[in-house]
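Remarks on the overall topology
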Amino acid sequence: MKERLEELQQEALKKVDQADSVQGLKDVRVEYLGKKGPITEVLRGMGKLSKEERPVIGQLANDVREHIAQAIETKQTALEDAALEKQLEEESIDVTLPARPVKVGGPHLLTSIVEEIEDLFIGMGFEIKEGPEVETDYYNFEALNLPKGHPARDMQDSFYVTEELLMRTHTSPVQARTMGAKDGSEPVKMICPGKVYRRDTDDATHSHQFTQIEGLLVDKNVRMSDLKGVLNAFAKQMFGADREIRLRPSFFPFTEPSVEMDISCKVCGGKGCSVCKGTGWIEILGGGMVHPNVLEMAGYDPKEYSGFAFGMGPERIAMLKYGVDDIRHFYTNDIRFLEQYHKA
Amino acid sequence: MLVSLNWLQEYIDVSRYSPEELAEIITKTGIEVESVEPVAEEVTGVVVGYVRSCEQHPNADKLNLCQVDVGEETLQIVCGAPNVAEGQKVPVATPGAVLPGNFKIKKTKLRGEESNGMICSLQELGVDEKDVPKEFADGIFVFPEDVEVGANAVSLLNLDDLIIELGLTPNRSDALSMAGVAYEVAAAIDGTYELAEENVKTCGEKTADHVSVVVEDSEANPYYGAFIIKDIQVGPSPLWMRNRLTAAGIRPINNVVDITNYVLMEYGQPLHAFDYDRFGSHTIVTRRAKDGEKMTTLDDQERTLKSDHLVITNGEKAHAIAGVMGGAESEVQDDTTTIILEAAFFDPSVVREASKDHGLRSESSTRFEKGVDPNRVERAGLRACELLAKYAGGTVLDGVVSHDELDRSEKQVTVNTSTINDRLGTDISNEDIADIFRRLQFNYDQNGDEFHVSVPTRRGDITIFEDMLEEVARIYGYDNLPYTLPQGASQAGGLTLEQLLKRKVKAYFEGAGLHETITYSLTHEDKAQMLVSPEVKEKSVSPVALAMPMSEDHGTLRLSMVPELLESLSYNVARKQENLAFYEVGTVFISEEEKVTKQPEEMLRASGALTGEWLSHPWQQEKKSVDFFVAKGILEGLSEQLDLPFSYEKTKLDHMHPGRTATVSVNGKVIGFVGQVHPKLQKQLGLKETYVFDVNLEVLIEEYKKEEKFQTIPRHPSVSRDIALVVDENVTAGSIEATIAEAGSPLVKDVQVFDLYQGEHLDEGKKSLAFRLLYLDPLRTLKDQEVEETHNAILEAVKSQHQAELRG
Ligand SMILES: [Zn+2]
């Protein structure tokens, strides 16, 4: 009987090996492992065996069964894998064909710059303030030490709506409003971005509408060296750690002392070139210590409080940083321009 | 202000610095140097030549054959200038000379005659056309007789000078004179300079016997001084003076005019010379003009005056607009022999008004407008007298006849060292501060660390402590200030919820495929009122217009961003960029007044405009043009982002497609619109099908803030049921949806259209709409029976409200 079982195993394994389909395998299983199969038959004839032989043959018959079942399973997996492989091979595609496009828009270059500046100052503890674009003469001029008839009002010819209302010429009125709301006792630390308007004919370097971003810090014991420190930190982050800054005296009606800040020219590294008009420096912003009249009008005692303010033009920064050569590009919205700066 | 380096060098020694170094020092101490440029391109080999003889060229009518002595030799030169003559001293470019434009002079033959050089005009030497005196405009330049033959013509003509251009801020009008610049440079480089004393010799005759002065408005004219100079011979002024005026950008005219201009440049004090014999009286009366009074100014223009203008009259007729321009009638002419020289102080605002009204901004008005130095008015008159005696043959009469109520006192400003250091963040010593005042030539009394400073009247800009702080800081050097950070209590900076939401909305649009644009707020009156959202239109009484626009295209504030967005689409389409999706977040300006008196409401809105293909993926045959549902989809995405349901209702709006436009509402409030632009307008703009939207962002932000956020995720299963309804084709999906939502409340949480069908198997005029309903109770599992009951209620409701039938 032992021989018979071994023979059956040989036979079955051979058939498993030869099977080339799942159905074929199934047939082999039924033939050898089924209830009517030869192994069952062998087991049925075990009654004739001696007590000693019975467990040995029983064990052997089980082993043979197990062996065949195992072989069938292995073969089955192999056949399925081969079938899947074949199917997948047929599904193969040309991966170099163009993709189905995903629509991607992006921010305007000026927005990117404004938000970059906002975030730099937020990191230094400033908050963002906004205000109306149609301003009163009081907040746009008078509260900023520019009384009616002041010659410096010529510096920024403006669009009036009525005698008392105009398109704001700078975002400084937001500073005056924010200070005024504080009752002259709390510190102010703010950045105000926004659109401003001046009576200019649009050309490559002038625009009747443009963007400004200004900053203000009012507190006890604010020093001019603080202005220098804050602007230096800003410039290094915005333009690169390798850029030098320089402050030089200037004039604004709302600050005294006033400064203008230059950064070293990136094009020539400070040696002088056409971009920096040979000076090695590029003017980037204006500022100064808040004029005592401005503090006083906002309700602060200039003996106790001091502050600094500064302002810059995102268009100018964009022009310097990205080589935009015409300010009108910012407002024409040529898609080729807009897309170019989405990575900015 | 144009500063001749040669002229400055004569006042203060700056020779130890290169021009670039000097420019840098001046810039860093306070006045920005805008440029340093040579007066002319480099010229070499030009000397003074004496024209020994001048004959007509044997072979050419218009040419002359000149024998010119240039010192070492005599050269034969062919010259075509009409004004060349024997006995003249002229600039000669000798062979080997190089003229501007790298023009090299060689020996040559002209019409058979040798020509060994060139007699030059000023233009040929590189002088700007506008700076060339009239008499030499069409020919060669002729030197005065006293120059030496063979001398270097380039330096005689000051062509080797450099011009430093100063960009003066409005406060630094003290540097509108060479003396002022010299004081500034002296402080900057720690040099020495003082304006030299005038030296006038007068004759015995008294000015007061020949003229009197009456000032009617002393506030407008606190000082008026009149000098008389007789025996004047009008002619050219000396070459050096002409050179300096040219360098300063002033064209030389004749000695009298040149001298007044020269003193103006030197002292910063404008002067005026009247022809005494043409003045019409011996009394000078300064007064306010009468409204409508007329006079003819030097430029031969008849001017109509106003009562705020100040005029200089002969008691009757105006002979000058004070500080602005003289009159034609008493202008100095070639035959003038006696002049009245005016040195006056006019109120800055009076001059400013007049110069503005007449559109006349002159070297004179610019200085008066800013305020001249009260201590230099009379001195400038004396300086002019000195020069007139020396260079115009004048005899100066004794004394000045004046009206004088001028305040010449020096302002006092007290500062102390500790406050200065507190404000600057520095540690400057008393000694260093004292040294800064010495360099500025400010007198002071020191008491410990307190300084009582007398501000010289030339520095009218310094009146308070902070002004003096700036003086100290700039001379100390802004470069020397330390870098510190503010010491106050720190606050956490950050964005407000509104600002965050604004950024979130923008990021959403960009993620959805839209490009941000920025358009002008000021637009054409017609465009300002076009494509305005219904709720804005309802609120706005009249658009806000500028009082004096520069152009009609930018004269009115927008009520909608859509027209300018369409303009941007149109611009791009004209440049063959046809598939576009733009959005803008910005303000529109709403006034509820007929005539604007208050600030308009500035409403933050988000608008978009889409045209062309939305999706194009050709090799898989996928292509989709922009349509209503693309635009609506963008709004629905926004609704999802903000977790605020939007509802849509068909509407008609001017310039919009009447069948494809809807209002957008949130919580029952209309907040905007969406739809297709009217085909007529599309055509006008060269656009294909174009869709726009415009919504009020402020309301969205407000509603967002009200909403309860972060609902718990339901743990109980939801049940979904479908219904297909047959309705009349004009019943909107939205209205059925609303009915379902209402009848299904509170169990129905979501209703979605998933099929729309029209055609076969349906009656004419009918359509089938299929909805998927989501039933959910977040707190418990729903029972079949209650879902069934609600579902039946919904069916009843749609049947009764929309005559809907269940589709079999
Ligand atoms: Zn450079």
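Predicted, not measured: the structure shown is a model, and the values here were computed from it. Position numbers for residues count from 1 along each chain, tracking the sequence in the order it is written. Labels are handed out in written order, letters beginning with A for the chains and numbers beginning with 1 for the ligands. Residue-level local features of this predicted model are given only where pLDDT is at least 70; pairs of side-chain atoms are given and counted only at 80 or more, and the full residue set underlies all totals for whole chains, interfaces and linings. Water and hydrogen atoms were dropped before computing side-chain values, which therefore reflect all heavy atoms in the structure.

Details of the packing of aromatic side chains
Put simply, the rule reads: Stacked, edge-to-face and tilted are the three classes for Phe, Tyr and Trp ring pairs, Trp counted by its six-membered ring, which pair at centre distances within 6.5 Å; planes under 30 degrees apart are stacked, over 60 edge-to-face, the rest tilted. In this text, helices come from DSSP runs of H or I with a minimum length of four residues, and strands from runs of E with a minimum of two, each type numbered from the N-terminal end. The cut-offs for exposure are 20% and 50% of the maximum accessible area for each residue type, with area from a 1.4 Å probe on protein chains only; residues under the lower value are buried, those over the upper are exposed, and the others partly exposed. Remark: a charge is flagged as sitting over a ring if the NZ atom of Lys or the CZ atom of Arg is within 6 Å of the ring centre and within 35 degrees of the ring normal.
One pass over the structure, following the stated rule, counts 28 aromatic pairs over all chains. Seen in terms of ring centroids, A:Phe121 and A:Phe234 are 5.2 Å apart; in terms of plane orientation they differ by 25 degrees. Their pairing is stacked. Here A:Phe121 is found in helix α5 (residues 109–123), whereas its partner A:Phe234 is found in helix α8 (residues 224–239), with 113 residues between them in sequence. Exposure class is identical for A:Phe121 and A:Phe234. Each is buried. Between A:Tyr138 and A:Tyr139, the aromatic rings sit 5.2 Å apart at their centres with planes inclined by 80 degrees, giving edge-to-face as the arrangement. When its relative accessible area of 24% is taken as the criterion, A:Tyr139 is described as partly exposed. The structure contains a cluster of three or more aromatic residues connected by ring pairs, namely A:Phe121, A:Phe126, A:Phe234, A:Phe239, A:Phe308 and A:Phe310. Between the NZ or CZ atom of B:Arg458 and the centre of the ring of B:Tyr183, over which it lies, the distance is 3.9 Å. Cation over ring: B:Lys632 sits above B:Tyr648, and NZ or CZ is 4.4 Å from the ring centre.

Thoughts on the coordination of the zinc ion
Residues and elements named next belong to chain A. What counts is decided by this rule: Note on donors: an N, O or S atom is included if it sits within 2.8 Å of the metal, or within 3.2 Å for Na, K and Ca, and water is never included, so sites can look incomplete. In short, tetrahedral needs four donors with all angles between 85 and 135 degrees, square planar needs four and octahedral six donors with opposite donors over 155 degrees apart and all other angles between 65 and 115, and whatever is left is irregular.
Protein-derived ligands of the zinc ion are Cys265 (SG), Cys268 (SG), Cys273 (SG) and Cys276 (SG), with the metal-ligand distances lying across 2.2 to 2.3 Å. Between the four donor atoms coordinating the zinc ion, the angles at the centre fall across 105 to 112 degrees, so the site counts as tetrahedral. In the primary structure, the donors to the zinc ion are separated according to the pattern C-x2-C-x4-C-x2-C. Overall, the relative accessible area of 11% leaves Cys268 in the buried class.

A closer look at the side chain of A:Asn145
All names here are of chain A. Heads up, the rule is: Any pair of N or O atoms that falls within 3.5 Å is considered a polar contact. Within protein, one atom must be able to donate a hydrogen and the other to accept it, and sequence-neighbouring residues count only if both atoms are side-chain atoms. Note on definitions: a residue-residue contact is assigned when non-hydrogen atoms from the two residues lie within 4.5 Å.
Tracing the backbone through its elements, the reader meets Asn145 in the loop between α6 (137–140) and β3 (165–167). Side chain to side chain, Asn145 and His291 meet in a polar contact 3.4 Å long. Discounting chain neighbours no more than four positions away, the residues touching Asn145 are His150, Pro253, His291, Asn293, Val294 and Met297.

Some details on the interface of chain B and chain A
Put simply, the rule is: By convention, the term buried area covers the 1.4 Å-probe accessible surface removed from two parts as they join, with the contributions of both added. Any Lys or Arg side-chain nitrogen located within 4 Å of an Asp or Glu carboxyl oxygen qualifies as a salt bridge. In this classification, the charged set is Asp, Glu, Lys and Arg, the nonpolar set is Ala, Val, Leu, Ile, Met, Phe, Trp, Tyr, Cys and Pro, and all remaining amino acids, among them Gly, are polar.
With 87 residues of chain B at the contact, the number on the chain A side is 94 residues. Each partner contributes to the roughly 7,500 Å² buried at the junction of chain B and chain A, and carbon and sulfur atoms together form 55% of this total. Three residues, B:Tyr478, B:Ile518 and B:Tyr520, lead the burial of chain B against chain A; their summed loss comes to 10% of the area buried on that side. The interface formed by chain B and chain A holds seven salt bridges in total. B:Arg503 is the salt-bridge partner of A:Asp119, the closest N and O atoms lying 3.0 Å from each other. Put simply, chain B and chain A have 40 residue pairs in polar contact (both at pLDDT 80 or more) between them. For the side of chain B that touches chain A, the secondary structure elements donating two or more residues are α2 (19–29), α10 (417–424), α12 (465–476), α13 (497–511), β28 (515–516), α16 (562–573), β31 (580–590) and β33 (613–617) of chain B. Considering only residue class, the side of chain B that touches chain A consists of 34 nonpolar, 30 polar and 23 charged.

Observations regarding unusual backbone geometry
Only a minority of non-glycine residues have a phi that is not negative, and only a minority of peptide bonds are not trans. With an omega of -5 degrees, the peptide bond running from A:Glu256 to A:Pro257 counts as cis. Within the element layout of this structure, A:Pro257 appears in strand β7 (residues 255–264). With an omega of 5 degrees, the peptide bond running from B:Ser745 to B:Pro746 counts as cis. Topologically, B:Pro746 is positioned in the loop between α20 (733–743) and β40 (748–757). Here B:Leu531, not a glycine, exhibits a phi torsion of approximately 55 degrees, which is positive. On the secondary structure map, B:Leu531 appears in the loop between α14 (525–528) and α15 (534–539).

With respect to the UniProt feature "binding site: Mg(2+)" (unreviewed entry) in chain A
Stated precisely, the cut-off is as follows: UniProt positions are given in the numbering used here, feature names are shortened, and annotations may be inferred rather than shown by experiment.
Residues annotated in UniProt with the feature "binding site: Mg(2+)" (unreviewed entry) correspond here to A:Glu256. With respect to the helices and strands, A:Glu256 occurs in strand β7. Take A:Glu256: its relative accessible area is 6%, and that puts it in the buried class. Setting aside chain neighbours within four positions, we find A:Glu256 in contact with A:Met289, A:His291, B:Glu466, B:Asp467 and B:Glu470.

Comments concerning the domain arrangement of chain A
Test applied: What counts as a domain boundary in this text is fixed by an automatic or database domain assignment.
On domain assignment, one finds that chain A holds domain 1 (2–90) and domain 2 (109–341). When each unit is reduced to the centre of its C-alpha atoms, the spacing between domain 1 of chain A and domain 2 of chain A is 89 Å.

A word on the packing of helix α6 (residues 255–267) of chain B against helix α9 (residues 377–391) of chain B
Residues and elements named next belong to chain B. As a reminder, the rule being used: Helix axes are fitted to C-alpha atoms over the stretch in contact, other axes to C-alpha atoms as well, and angles between N-to-C directions run from 0 to 180 degrees. Each angle gets one of four labels, with under 35 degrees taken as roughly parallel, over 145 as roughly antiparallel, 65 to 115 as roughly perpendicular, and the rest as oblique. Should the near helix be turned anticlockwise from the far one by less than a right angle, the crossing is termed left-handed; should it be turned clockwise, right-handed.
Axis separation between α6 and α9 bottoms out at 9 Å; the angle between their running directions is 140 degrees. Taken together, α6 and α9 sit at an angle that is classed as oblique. Crossing angle aside, the handedness with which α6 passes α9 is right-handed. Side by side, α6 and α9 meet where Asn255, Val256, Ile259, Tyr262, Val263, Glu266 and Tyr267 of the first sit next to Arg379, Ala380, Arg383, Ala384, Leu387, Leu388 and Tyr391 of the second. Residue composition of the contact of α6 with α9, by class: ten nonpolar, one polar and three charged.

Things to note about the sheet that holds strand β41 (residues 766–775) of chain B
Residues and elements named next belong to chain B. Applicable threshold: Whether two strands pair depends on DSSP finding at least two bridges between them.
Reading across from one edge, β40-β41-β39-β42 is the order of the four strands in this open sheet, with antiparallel pairing throughout. Every other strand in the sheet has two partners, leaving β40 and β42 (805–806) as the edge strands with one partner each. Here strand β39 (residues 719–728) pairs with β41 via ten bridges, running antiparallel. Looking at β41, one finds that Val719 is bridged to Tyr775. Docked against the sheet, α20 engages β39, β40 and β41, running at close to 35 degrees with respect to β41.

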